[in-house]
Every structure is written in structure tokens, then in C-alpha cells.
Amino acid sequence: MRRNRALLRASLRFYRQHPLQLALTLLGIALGAAVIVAVALATRAAAVSFDRSLDVLAGPMTHEIRAHEGVVDENLYRWLRVDRGLRDVVPVVRLRVTVDGSSVDLVGTDPFALIARDDAPPAAGNALAALLTEAGAVQIPVAIAERFGLVEGEPIEASVAGRAVALNPVAIFESAEGEWFGNTLLADISTAQHLGGRRGELDSIQLRLSAAGAADLAAQLPDAVELRAFDDQRQTFDDMTRAFRTNLTAMSLLAVLVGAFLVYNAMSFAVVQRTPSFAVLRMLGTLPRDLFRLLLIEALGLGLIGGLLGLMLGTVLGQGLLVLVTRTVSDLFVSVDALRPDFSLGQLLLALSVTLAAVLLATLAPARAAARTAPAALERESRAQSGPSARRLLLPGLLLVLACPIVIVVSEQSLLAAFVGLFLLVAGYALLCPLALRLSLAALVHGGARVGGTALQLSLRGVQSALPRTGPALVALAVAVSATVGVAIMIGSFRISVADWLGDTLQGDLYVYLDAEGARLDPAWQASLEGLPGVSSAAAARVRTLSIDGESMRVLALDRLAAKVRSFDIVAGPEDAGQRMLEDGHGILVSEPLARRRGLSLGDALMLATPRGAVELTLRGVYRDYASSYGGAVVAQDVFARYFSDQDLSSLALRLDASADAAALQQQIRDLGAAEGLDLVVVSNRSIRERSLEIFDRTFLITDVLRALVVVVAFVGILSALLALFLERRREFAVLRATGLTPRQLFALVLRQAALSGVLAGLLALPLGAAMSVLLIDVINRRSFGWTLQMHFDLQVVLHAMLLSVAAAAMAAVLPARRLAASDLRDALYDP
């Protein structure tokens, strides 16, 4: 016990004498842990935000009844309460109301259904007579009243689906955030139906049912509606976002992997610096296992301190990432609001455990190397280089690289296995890098002797001699830069694929729709717009959320004219499958993500739920679609007309004559809408493409941030390695100074060596980055989202990678180079 205490005191003394080295090591560990924590907190907060939104929607209820067409007949509510005798039943009509340019939700319900409930919205029974009798009467939560400066009794000018309406605040009530109906305007159901022009219609009916009661009720409901559990919606959200969350987690683990190289470098150098002390301790009777245990305890302490710092830093970083994550989830999946990250003890402990495991694994090699060497050898090699031989790493590196394709092929469609394969590739390649660096430098030194001058030779030999110290940091930098290369190629390929898809899909000149949730156009608008001068055709589209094989999804119904303004990039089936389906009105097309996720093949029968019962549709083709990773489907308007009574339109695509003035037509259509009290949105094909690509760029912003964080971790490692290296070679540089090298020349020499190191790291990063891009595009992307992408290689990606690598290494060398150039020559020469 006393011997162990002496060893620990010696370790503490060493780190007190090298505070900067300690600080950089802790910073590298902390950054790796921080990225894990930040990603975990941000993705969990997005999920919690959805849960809270659903809690606000569902309140104490467990189920809801929705129509296959999106509209529930209000007579069904009467049947549930009167004929079935159910009391935990609440009808709901939801409207999106615009007040002072901002949107708020308005809920129409039955006040009598809420009054008797203890968990009803506050003041639901107040001003009951006014709610039931006055036009436009609403109750307003205090938070919304304060937000818009609303006063009880003063009329409000608002709009619903582009139509001007007048609201009458009859009461302002207190409500807590997240309460059932607590952040919405409340109105009697008849008032909401009148405001939305939806006489006799409900959006849903909420119920509180037991499992047995739900099964019994579901069997008695008419075919036009279905009973859904709110818990199923939570599960659907988890299913939709699982791949997205897995991708972010993998990127955060990459930061930890880079950090592990830094820890290995730091611990290896710490062992070399203390080998004289270790030699003395061994000759005094210290056992190899004591030294081994000492270094592991040191690593555990460093990992614990750095990990705890990372947890604190990650909570701050997580707030920034949360904005990006929730915005991406809202763009790709469902709308969620950015909340404060919820701190989960389990997630924090998991991040700390992963960090500690990485630190301990990175310390095993230097600890074993120190513990297994004999005392005399330790003393002789006190200034020698440590670390495993580059040739000894060749075989395990090759085995790991070869294991990557094996794991991917055997795992079939497993996303987790794909990431395991990716990490096997990265780890294996990293083990091959030391030998590649050594051979590359040997070739450069040999070639430089023929064509280069003294300065080049001095720089190359300096990099070569420093390789045992800087090697792990250069490998970490190469891995970090390779991640930027691989992800950049993937994003570039994705963006070009999306742009090409938009160009092929959107062939109309103008698109007309109402920019309001659930707003629809009267079918008469199709003939009206087609009759305008300059318009050659107007194709109608209907977008509805329908149930296919028991799964709710976005279904697009197109008429025959749509073939003129929309094409389908068919990836399975005849090239003209889409056009044929629209013309003959039979069958269904599904998107590529849906087909992959469900394992669908041509000719499969899909059951479409309709008000008249389930209808069997034959799968006639699979089309490329980047609009949703969850999947969607397309049917002909004839199919929709046969089984659904709702014939309202979602949008109209206009083809214009060659001589038509698009800008003038846009304004003319807006004026026609205004005359009908509608705020019509009229946008060009180009505007839609630009908006879509803007959302695409915004979606991948979080990936860019995470890549930058990984490079920052690598930069810290390079800085730490160079500081330690130049401290070790201080006397060598002093000799150069004594032979006539000026401080300015020494500074330039150090920067040249760092830049050459950066070039080597950049060159090593390119093959790994290219391999990562193939895995990301052809394996991980397909398993995550079901999309097929065309690979596009951009030379700028290579140039950016090289510049990033060289800049990171050169900037990291500035501080140690300045310290060397300004150091006292006599002290450095006589430093033992």
C-alpha cells in the first residue's frame, strides 16, 4: 500500500511539472465526451419535445378516432355519448389561426364534455353562456394573451386558411405549459366549425379507454374511421427518427475515437519522459504489474476528470445542437419545438463510461510496453522511442480492414452492423497508418536528397525523427480529416441527386396552393386557372394521410394531366409505370424508402383503408423520392374518386405557354384569390427547388458542426503532441541555434515540419475518406433512409481536405515554435 502511494505521488509530481501537457490531454478527453453528451441531450430533447406535444394533444386521453379521409362526422360523437354511453369522450376541431402575422392553434370542443373533468383546461366552465351564444367567442390562455397583447372583450382580427375572421375573447385563463389544451385558443365546437367553414366535421374524437374497451369499440366503428392509440404515435416517431439519431451518435463516437489516439499519444510520451524514473523504481524492487497498474490509474483519473469536464461542456454544447436537431427533425419528420435539454443520469453515465473505456483502451499499449521492459533496458532506452512497431500493427490492421466488408455483407440490412463495419475500417486503417507514414517519409527523404536543398532535407529528417512522437496525433488528424472527406462527398452526392430529382419531378411552371395547415382548394379552381390566358394546362394534386396496410402515410393522388408536369424516376418496374397508372387509374406506386423498409416487390397487394372498407391495390412501380425517409405512395385520381368523397385539391401545377408572362400570371392568380378571400400562394418551379435545397443545406448543418468538433479534437491532439515533442527535442533545436540558425529560421523550420506533417496526414486521409464515402452512400444511407444516391466526386473536396490538414498542423505548431525561438539558448544546451 505504501509503495502504491509513493508511485501515485510521483505521478502527481510529474503532472504538476507539466501543466500544459496535462491541460491539453484533459481538453482532448473533455471534447470527445462533450460531443457524446451534446448529441445525446439534443436528440433526447427532440424526442421529449414530441412527447410533450403529444401530451398536450392527448391530455389524459389514450386513444383518438380519425377518419381515413381526415374528416369525422360529428354524428359519431353523438353516438358514442348517447348510444354507447361513454363519458370520457371529447370532440376536437383544430384550426390554425393567424394573429398579427403569427400562427396559433385554436381548438373547438364541447365545453360540457370538459366541465365535469378534474383534469379539464382551467376555466373551461367560465363564460359558458358567452362561448355557446356569441359569434367568434374564444377563451385565451394568459401566455398567448400577453404574447399578442390581447384584452378580454376586445375583438381580434385574425385569419383562418387565408380567410379573414373576427375572434371575441370572452375569457382569459391561467394555464401551465404542457397542459391539455393549455396553449391553444378554446372555442365551442360550433364556433370552430363556422370559422373553418367545416360544418358537421370533426378532426378527431379523443377517448380514454382500457385495452379491452379499445378492442371492443374498434370492432364496432364504421369503416370510414379508425381508432388509434396515442402510444402508437410515439412509437412511429421513434421509428422514423431512429436512423437519424444513430447517425448522429456514430459521428459523436468518431470524436471519441479521435480522442483515444490523443490519449495514446499523451500517455506514450508520459511514459518516455519518465522512463529514467521507472528504471530506478524497477531496480528498487517495483514490480511490472505495479507500473502497469499505476498508468491505468493515471488514465482512469485523467479520463474521470476529463469526462466530468466533458459532461459540463456537453450540456452547454447540447443547447446549441438542440436547435439544429429539432429544426432537422421538423424539416424531415414531424414538427417539434426546441426545449431545454432534459438531463438523463443514465445518458450522462453512459457518455462517461464510453469516455473512460476509450481512455483505458488507449493506455493499454504504453502501459504494457513500460511494464514488460527490463530495468536495464529501461535505463538504456530512457531517451528511446516507445510504442508498438509499425510492422507489428500491419497484420491486425489488415484483419480489421478485411473484417469491414464481411460484417456488412453478413449483416444484410442492419444499420448498427453497418456502423460497426465503418469503425472496423477506421480502426484498421489507423493501424496501417504508422507503417504508411514511415515508408512515405523514407521515400521522401531519399527523393529529397536528390532534388531538395538543405532546408528541405532538414525538415524531412526532422519529421522522420519525430514520427514516433507525432505519429498517433497525425493518425488522429488523418481520421478526422477523412471524416470530413467522406461526409463531404456523401453530402455533395446527396445534394446533386436531390437537385436532379427535383428537376425531373417538378416540371410545372407555376404551383398554386394555400399556405395553411389542412387548407384545401375548391376543385373549381382547376378550370378557372386553366382558362387564364397563357396557361396551357392545370394538373391537380391531392395530398392526404391515409392508411396502407394499417400504417398511416402520405399519399399523393394525381389526375391524368399530372403526367405533363411530373415525371417519376422509376427504380423498380417499367419506366412508364407512373404514366400508365395515371392513365388507366389502377394500382399504386410506392417510394423507394417505403419499399425498402417494408420489403415490397412488384405485384404485391397493398390494402388501402377507405370509407367503403379496405381496397386492394397492386404495386406497379417503385419511384425515387427524397421527400420523406419514412415513405409515401402515389395513386391515380380515379382511385381516389372511386372510394373517397373528399374531392378538394391540395395544389395545382400550371404549364404555361412559351409567350406567357409568368410574373404577371402570378399576380393575377393572387388577385383572383384575394377576391374570394383566399391568400393563394403562387410560386415558380425555380422557387420550390431553391427552397427545397435550402432545407437540404439546413438539414446537414448539424453534420458540419459535428465534423468541425471532430477536427477540433484532432487539433488539440496535434498541439499537445508538438508541444511535447519540442520539449523533448529542445536541446537538439538549441544545437541548431548554436550552429548559426536564427530564431526566425528556427521558427520557419518548425512550421515547415508541421506543414509537411499536415500534408502527410491529408494524403493518408484521402483513401480512408473515399472508402468512408462509399460506405456512407451505398450502405449506411440505404439502410438508414432507403435512398439510392448517385456518387459525385468533387476535386474541391480533396483540396479542402489538404488545406484543412495542413492548416491544422501549422496552426498547432505556431505556439511551440514561438516558445522554441524565444527560449534561452544556454538553458537549452545545458538541459540534461
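Each value, and the rule that gives it
- Residues numbered from 1 in each chain as written.
- Predicted model: local features only at pLDDT ≥ 70, side-chain atom pairs only at ≥ 80, totals over all residues.
- Heavy atoms only, no water.
- Helix = DSSP H or I, 4+ residues; strand = E, 2+ residues; numbered from the N terminus.
- Buried < 20%, exposed > 50% of the residue type's maximum accessible area, 1.4 Å probe, protein only.
- Contact = heavy atoms within 4.5 Å.
- Areas by Shrake-Rupley, 256 points an atom, 1.4 Å probe, with all protein chains shown as cover.
- Phe/Tyr/Trp six-rings, centres within 6.5 Å; stacked < 30°, edge-to-face > 60°.
- Salt bridge = Lys/Arg side-chain N within 4 Å of Asp/Glu carboxyl O.
- pLDDT = per-residue confidence, 0-100.
- Pairing = 2+ DSSP bridges.
- Axes fitted to C-alpha atoms, helices over the stretch in contact; angles between N-to-C directions.
- Parallel < 35°, antiparallel > 145°, perpendicular 65-115°, else oblique.
- Left-handed = near helix turned anticlockwise from the far one by under 90°.
- Nonpolar A, V, L, I, M, F, W, Y, C, P; charged D, E, K, R; others polar.
- Patch = residues over 30% accessible without salt bridge, like charges linked within 9 Å, V, L, I, M, F, W, Y side chains within 5 Å.
- Lys, Arg positive; Asp, Glu negative; His and termini not counted.
- Charge placed at Lys NZ, Arg CZ, Asp CG, Glu CD.
- Core = buried A, V, L, I, M, F, W, Y, C linked by side-chain atoms within 4.5 Å.
- Expected span 1.5 Å × (residues − 1).
- Arc of directions from axis to C-beta.
- Polar contact = N/O pair within 3.5 Å; in protein donor to acceptor, adjacent residues only side chain to side chain.

**A closer look at the overall build of the protein chain**
Regarding its fold elements, the protein chain presents 27 helices and 21 strands. Scored against the burial criterion, the 832 residues of the protein chain give a buried share of 51%. Taking all contacts inside the protein chain whose residues are at least 6 apart in sequence as the whole, residues at least 24 apart take part in 81%. Per element, the accessible surface of the protein chain, about 36,600 Å² overall, is 57% carbon and sulfur.

**Here's the deal with the packing of aromatic side chains**
Aromatic ring pairs are reported here in terms of the distance separating the ring centres and the angle at which the planes meet. Across all of its chains, the model carries 4 aromatic pairs by this definition. Between Trp501 and Tyr626 the ring centres are 5.6 Å apart and the planes differ by 85°, which places this aromatic pair in the edge-to-face class. Remark: Tyr626 occurs in the loop between strand E18 (613-623) and strand E19 (632-636) and Trp501 occurs in helix H16 (residues 454-505); sequence separation between them is 125 residues. Assessed through its relative accessible area of 10%, Tyr626 is described here as buried.

**Regarding the environment of Leu424**
Mapped onto the secondary structure, Leu424 falls in helix H15 (residues 415-451). Separated by 23 residues in sequence, Leu424 and Val401 place their C-alpha atoms 6.2 Å apart. Leave out the neighbours within four places in its chain, and Leu424 touches Leu400, Val401, Ala403, Cys404 and Val407.

**What to know about the pattern of salt bridges**
Pairing of side chains with opposite charge becomes possible as their charged atoms draw close. Here the structure, examined in full by the defined rule, presents 19 salt bridges. Of the charged contacts, one joins Glu551 and Arg597 as a salt bridge, the two residues approaching to 2.7 Å between their closest N and O atoms. Pair noted here: Glu551 is in strand E14 (residues 551-558) and Arg597 is in helix H19 (residues 592-598), with a separation of 46 residues, a long-range link. Across the salt bridge formed by Asp638 and Arg560, the nearest N and O atoms sit 2.9 Å from each other. Residue Asp638 is located in helix H20 (residues 637-643), and its partner Arg560 is located in the loop between E14 and strand E15 (570-572); the two are separated by 78 residues in the primary sequence. A single network of salt bridges, built from pairs that share partners, joins Asp549, Glu551, Arg597 and Arg598.

**Topic: the confidence of the model for the protein chain**
On average, residues of the protein chain carry a pLDDT of 78, and 80% of them reach 70 or more. Of all secondary-structure elements in the protein chain, the lowest mean pLDDT belongs to helix H13 (residues 375-380), at 51, while strand E16 (residues 588-591) reaches the highest, 92.

**Digging into the pairing of strand E6 (residues 156-160)**
On a regular strand, one side chain projects to one face of the sheet and the next to the other, so that they alternate. Burial along E6 is one-sided: the face carrying Ile156, Ala158 and Val160 is buried and the face carrying Glu157 and Ser159 is not. Bridge analysis of strand E3 (residues 89-99) against E6 gives 2 bridges, and the strand direction is antiparallel. Counted as the bridge partner of Val97 is Val160 from E6.

**Focus on the packing of helix H14 (residues 394-411) against helix H25 (residues 743-785)**
Interaxial distance between H14 and H25 falls to 13 Å at its minimum, and their mutual angle equals 30°. The pairing of H14 with H25 is recorded here as roughly parallel in orientation. Note on packing geometry: the crossing formed by H14 with H25 is left-handed. Touching Cys404, Ile408 and Ser411 of H14 are Leu775, Val779 and Arg783, all from H25. Grouping the constituent residues of the contact of H14 with H25 by class yields 4 nonpolar, 1 polar and 1 charged.

**Overview of the pairing of E3**
In terms of burial, E3 is a largely internal element, 8 of the 11 residues being buried. Relative to strand E10 (residues 204-207), E3 runs antiparallel, the two being bridged by 4 bridges. Paired with Pro91 across the bridge in E10 is Ile205. Examined bridge by bridge, E3 and strand E4 (residues 102-109) share 7 bridges and lie antiparallel to one another. Within the sheet, the bridge partner assigned to Val93 lies in E4 and is Gly108.

**As for a positive patch on the surface**
A cluster of basic residues, Arg5, Arg9, Arg13 and Arg16, forms a positive patch on the protein surface. Relative to the helices and strands, Arg5 resides in helix H1 (residues 2-17).

**Observations regarding the nonpolar core**
One finds Phe494 and Val590 to be the most contacted residues of the largest nonpolar core, which totals 102 residues. With near-sequence residues (within four places) excluded, Phe494 lies in contact with Tyr626, Phe696, Phe700, Asn781, Trp787 and Leu789.

**Here we look at the environment of Ala365**
With respect to the helices and strands, Ala365 occurs in helix H12 (residues 345-372). When the C-alpha atoms of Ala365 and Met267 are compared, they prove to be 9.3 Å apart, with 98 residues separating the residues in sequence.

**A closer look at the side chain of Thr355**
Its place among the elements puts Thr355 in helix H12. Classification of Thr355 by relative accessible area gives buried; the value is 3%. Discounting chain neighbours no more than four positions away, the residues touching Thr355 are Ile29, Ala33 and Gly307.

**Some points on helix H21 (residues 662-675)**
Between its terminal C-alpha atoms H21 stretches 20 Å, which fits the 20 Å expected from 14 residues at 1.5 Å a residue. When we look at burial in H21, the residues that qualify are Leu665, Gln666, Ile669 and Gly673. Projected down its long axis, H21 shows its buried positions confined to an angular sector of 105°, all on one face. Facing away from the buried side of H21, by more than 90 degrees, are the exposed residues Ala663, Ala674 and Ala675. Buried-residue contacts for H21 involve strand E12 (510-514), helix H17 (524-530), strand E13 (535-548), strand E20 (651-656) and strand E21 (680-684). Sitting at the amino-terminal end of H21 is Asp661, which places a side-chain oxygen 3.2 Å from the backbone nitrogen of Ala663.

**Some words on the environment of Gly573**
As for its placement among the helices and strands, Gly573 is situated in the loop between E15 and helix H18 (577-584). Taking C-alpha positions, Gly573 is 6.6 Å from Val622, a pair spaced 49 residues apart along the chain.

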